[in-house]
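Spelled out from the first residue to the last, the chains are:
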Amino acid sequence: MPVGLFRVCLLVITAIVNHPLFFPKENGTVPENTEEIIQKMKEREESLRLEQLRLEREIADQEATQAALEKAVVVEESKEEKVRWDMWTALSMVIFLLIELWRQDFQEGNWQDIGGEEDDMAVLGKAFKGVAFPDKAVLASFYEKRILGTTGDMARMREMVEGFADDLLEALRSVCNRDADMEVEDCMGVGSMYENWRVRKPFVCDLIVPFAPPEPYCFRCQTWCSTDSFPPDEQGYGTIKVCRADEDATGCICDKTKLGEDMLCLLHSQVSSTKPSSEMEDLLCFKNTQYLDADQVMKWFQIAVTKAWNRISHKYEFDLSFSLLDSPGALKIKFKSGKSIAFNLTPVVQYENSDVYFISHFPRSSLAADIPSSTHWFLTFAVYERRFIQLVSKTLPANACHVSCLQILSFLHGKQCSLTGPSGLTNYHLKTVLLHLLQARPSQDWAPEKLEARLQDMLKFLEKCLHEKKLYHFFIGNGKVPAELGFPIIFQRAEPLNLFRPFVLRRDIYRKMVDTFHEMLRNMSALINEYTVHVPLAHTNGIRKEPL
C-alpha cells in the first residue's frame, strides 16, 4: 500500500513538472534569443575592434612621441658633442697659431743665430772630427801671399771697365731711337768685385744697367709676395707689365676691345688710344701679352751694344765681343797683346722707387737656373747687399776680418770645384752666410786676430745649413734690416726665402754639393799650404791646431 501510494505521488509530481503551462515560452523563444546573442556578440566584436584600433593609434602616437623625444635627445647630444668638438678644434687652432707665431718670432729673431759651440759641433758629422784647421800664422801667411796682392789689380780693372762701359752706353743712347727704343740709364757696379772680396781669376766686373720704356709707356711690376698668383716654386720672381702711363692698374676697356670706327673712348683721346706699334710689341713683350720678355730684351740689348761699339770702335785699340751667347751683356775686351778683360753688362728693371731690380739673366750663376718662363724675372738685392756690407764695416774694428773670411772661403771653394767639378754651392751662398753672421755677431768679434774663429763659424754655419737644407735669403723676411738702408718693407714682411729649396727635390745636386763641401774641409790644409810661404817655428810655437 505505501509503495503504491508513493508511485501515485511520483506520477503526479512528474506530470505537474512537465506540464507546458509552467514554462510557456521556454521552447518557443530559443531561436529569438540566439539571434540576439549573435547580434550582441557582433556588436561586442565591433566595439572591441574599434577599441583595438584606438589603442593601436594611441600606441603609435606614443611610439612617435617617444621616437621624437629620442631623436631630440640624440640631436641635443650631437650638438653638445659638436660644441665640444668645435671647442677642441678651436683650442687646437689657437695652440697651432701660437706655435706658428712663436716659430716665426724665433725665426725672425734667431734664424741667423749660429747657436752655441757645442750645438754647432754636434751638427758636424764624425767624418770631420779628425780634420785639422790651419792655425793663425798659416792663415795670416796665406792671406798675405795669395789674396792681399789682388786688391790693387781689382781697383785698376774696375776703373778701366767703368770708364769704357760709360762710353759704350753713351754711344748706345745715340744710336737708339728715343721715340721707340728703351731708355738706358747709367750702369752700377755690384757683386764681389765691388765688395772687394773676389779672389779667383779671371776677374769679372758685374755691371747692371737699368732701362725704361719710352713715353707714353711705363713698367708695372708685380712680385711674388704682393699677390697669391705665384706658386711656391716661383718665390723670388716677378713679372713686368708694359702699360701706358695714363692707364690705371686694371686698364681701360678700350684697350681690350675693338671699338667701332664711329665710337670714341671718353677717357682717352684718339692720339693716346693708339696701339703700340708691332716693333714695340716685338721688342718688349712676350707674344700676344703685355708682359716684358727677357729673351726679347736680350736680343734688343745685344743689337744695341753691337751698334754702339761700331760707332766708337775707332777710338780704342782693342776688340769687343760677346763671350757668352746665353747672356745679353757678357762682353770681353781683347787686346792686341793677347790679354783680355771680361765684364758683364746686364739690363735690369727697377722695382718702383727702390734699389731692388728685376734682372733678366744671371751670368755664371745657378741662382736662376730654372726660370719658369721668359716673362718671369728674378729679383736681385745686390745694391742693398753692397750697402749693408759698407754700413756694417763702419762699426767694425780696424782691419776687420769679415772680408778676409769670405775671401778665404771663396778661394777654397773655387779650388775644390776645379778639382771635383762645379756644384750647386755658389759664392752667393757663401756671401749670404757672411751677411747672417755679420748681423748675429757683435762688432768686436770681427777683430783681425779672430780670423781663425770667425772662419770656423762660417764653415760650421754653412754645414748646419747643408744638413737642414735651409739657407735663408738675408733680406727677404728679415725684419731686422737696418733702417738706414731704406729697404722696402714689403720684402721684410714676406715669408723667408730658402735658397736651398731647389735642392730638396734634386737629390743628385744636393749630394754633389754636400760631397764638395766635405772634400773642401778635408783638403783645406793642403789647399792653404800649397799657397803659403814657409812659416818659421818661432811663429808656430805654442799654437795648437784644433780640429773642426
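As the structure is a computational prediction, the values presented were derived from the model and not from experiment.

Trainee: What is the right way to read the packing of aromatic side chains from this model?
Mentor: To describe a pair of aromatic rings, one takes the distance between the centres and the angle between the planes. According to the stated counting rule, one finds 27 aromatic pairs in the structure shown. Here the aromatic rings of W309 and F318 are separated by 5.9 Å at their centres, their planes lie at 10°, and the arrangement is stacked. The buried category is assigned to W309, whose relative accessible area is 11%. The class for F318 is buried, based on a relative accessible area of 9%. When the ring of F388 is compared with that of F474, the centres are 4.7 Å apart and the planes differ by 50°; the resulting orientation is tilted. Separated by 86 residues along the polypeptide, F388 in helix 8 (residues 382-393) and F474 in the loop between helix 11 (451-468) and helix 12 (489-492) bring together distant segments of the chain. The same class applies to F388 and to F474, which are both buried. One aromatic cluster is present, formed by W224, Y351, F358, F381, Y384, F388, F474, F475, F487 and F491 through successive ring pairs. Its guanidinium or amino end placed over the ring of Y384, R387 lies 5.7 Å from that ring's centre, counting from NZ or CZ.

Trainee: What's the story with the pairing of strand 3 (residues 204-212) in this structure? I'm lost.
Mentor: Strand residues, when the strand is regular, have side chains that alternate between the two faces of the sheet. Among the nine residues in strand 3, eight count as buried, and that is most of the element. In this structure, strand 1 (residues 183-184) lies alongside strand 3, joined through two bridges in antiparallel fashion. Looking across to strand 3, one finds that E183 is bridged to A212. With three bridges connecting them, strand 2 (residues 188-190) and strand 3 associate as antiparallel partners. Bridge pairing links V190 to D206 in strand 3. As judged from the seven bridges shared by strand 3 and strand 8 (residues 340-350), these two strands associate in the parallel manner. Bridging across to strand 8, L207 finds its partner in L345.

Trainee: Before we go on, may I ask you to explain the confidence of the model for the protein chain in this structure?
Mentor: Parts of the prediction with low pLDDT should not have their coordinates interpreted in detail. The pLDDT averaged across the protein chain works out to 78; a share of 73% of its residues lies at or above 70. Predicted confidence for residues 255-259 stays below pLDDT 50, and this span has seven contacts to residues more than four positions away or in other chains.

Trainee: Sorry, what's going on with unusual backbone geometry here?
Mentor: For residues besides glycine, phi is generally negative; the peptide bonds are generally trans as well. That bond from K201 to P202 is cis: its omega, 5°, falls within 30 degrees of zero. By the secondary structure assignment, P202 is in the loop between strand 2 and strand 3. Notably, N196 is not glycine yet its phi reads approximately 65°, a positive angle. A relative accessible area of 36% means that N196 is categorised as partly exposed. Backbone geometry at E352 places phi at a positive 50°, although glycine is not the residue there. Note on placement: E352 falls in the loop between strand 8 and strand 9 (357-359). Here E352 falls in the exposed class, since its relative accessible area comes to 55%.

Trainee: Got a minute to help me understand helix 7 (residues 294-312) in this structure?
Mentor: The α-helix winds at 3.6 residues per turn, so residues separated by three or four positions along the chain end up facing the same way. The end-to-end C-alpha distance of helix 7 is 27 Å, a good match for the 27 Å that 19 residues give at a rise of 1.5 Å each. For helix 7, the complete set of buried residues consists of A294, V297, M298, W300, F301, Q302, A304, V305, A308, W309 and I312.

Trainee: I would appreciate a short explanation of helix 4 (residues 136-147) in the present structure.
Mentor: With 12 residues, helix 4 ought to run about 16 Å at 1.5 Å a step, and its terminal C-alpha atoms sit 15 Å apart, in line with that. Those residues of helix 4 that fall on the buried side of the exposure criterion are A137, V138, L139, S141, F142, Y143 and I147.

Trainee: Hey, could you run me through the environment of D206 in this one?
Mentor: For D206, the location among the structural elements is in strand 3. Through-space distance from the C-alpha of D206 to that of M188 is 8.4 Å; in sequence the pair is 18 residues apart. A distance of 2.8 Å separates a polar atom in the side chain of D206 from a polar atom in the side chain of N344.

Trainee: What am I meant to see in the nonpolar core here?
Mentor: General note: in soluble globular proteins, nonpolar side chains tend to be found buried as a group. Membership of the largest hydrophobic core comes to 114 residues, with the highest contact counts inside it found for L168, L292, F343 and L345. Aside from chain neighbours lying at most four places away, what touches F343 is V161, F164, V204, C205, L207, L320, G329, A330, L331 and I333. Counting residues in hydrophobic clusters, the runner-up holds nine residues, among them V190, V348, A382 and V383.

Trainee: Would you mind going over the pattern of salt bridges with me for this structure?
Mentor: It is possible for side chains of opposite charge to pair when their charged atoms get near one another. Under the defined criterion, the tally for this structure stands at 15 salt bridges. Between K315 and D167 there is a salt bridge, with the nearest N and O atoms lying 3.0 Å from each other. Of this pair, K315 sits in the loop between helix 7 and strand 6 (318-322) while D167 sits in helix 5 (residues 150-175); the two residues are 148 residues apart in sequence, bridging distant segments of the chain. Judged by its relative accessible area of 18%, D167 falls in the buried class. The salt bridge partner of R522 is E519, with a shortest N-O separation of 3.2 Å. One end of the pair, R522, and the other, E519, are both in helix 14 (residues 507-530), three residues apart, so they sit about a helical turn from each other.

So, how was this worked out
Residues numbered from 1 in each chain as written. Predicted model: local features only at pLDDT ≥ 70, side-chain atom pairs only at ≥ 80, totals over all residues. Heavy atoms only, no water. Phe/Tyr/Trp six-rings, centres within 6.5 Å; stacked < 30°, edge-to-face > 60°. Buried < 20%, exposed > 50% of the residue type's maximum accessible area, 1.4 Å probe, protein only. Helix = DSSP H or I, 4+ residues; strand = E, 2+ residues; numbered from the N terminus. Lys NZ or Arg CZ within 6 Å of the ring centre and 35° of its normal. Pairing = 2+ DSSP bridges. pLDDT = per-residue confidence, 0-100. Contact = heavy atoms within 4.5 Å. Expected span 1.5 Å × (residues − 1). Polar contact = N/O pair within 3.5 Å; in protein donor to acceptor, adjacent residues only side chain to side chain. Core = buried A, V, L, I, M, F, W, Y, C linked by side-chain atoms within 4.5 Å. Salt bridge = Lys/Arg side-chain N within 4 Å of Asp/Glu carboxyl O.

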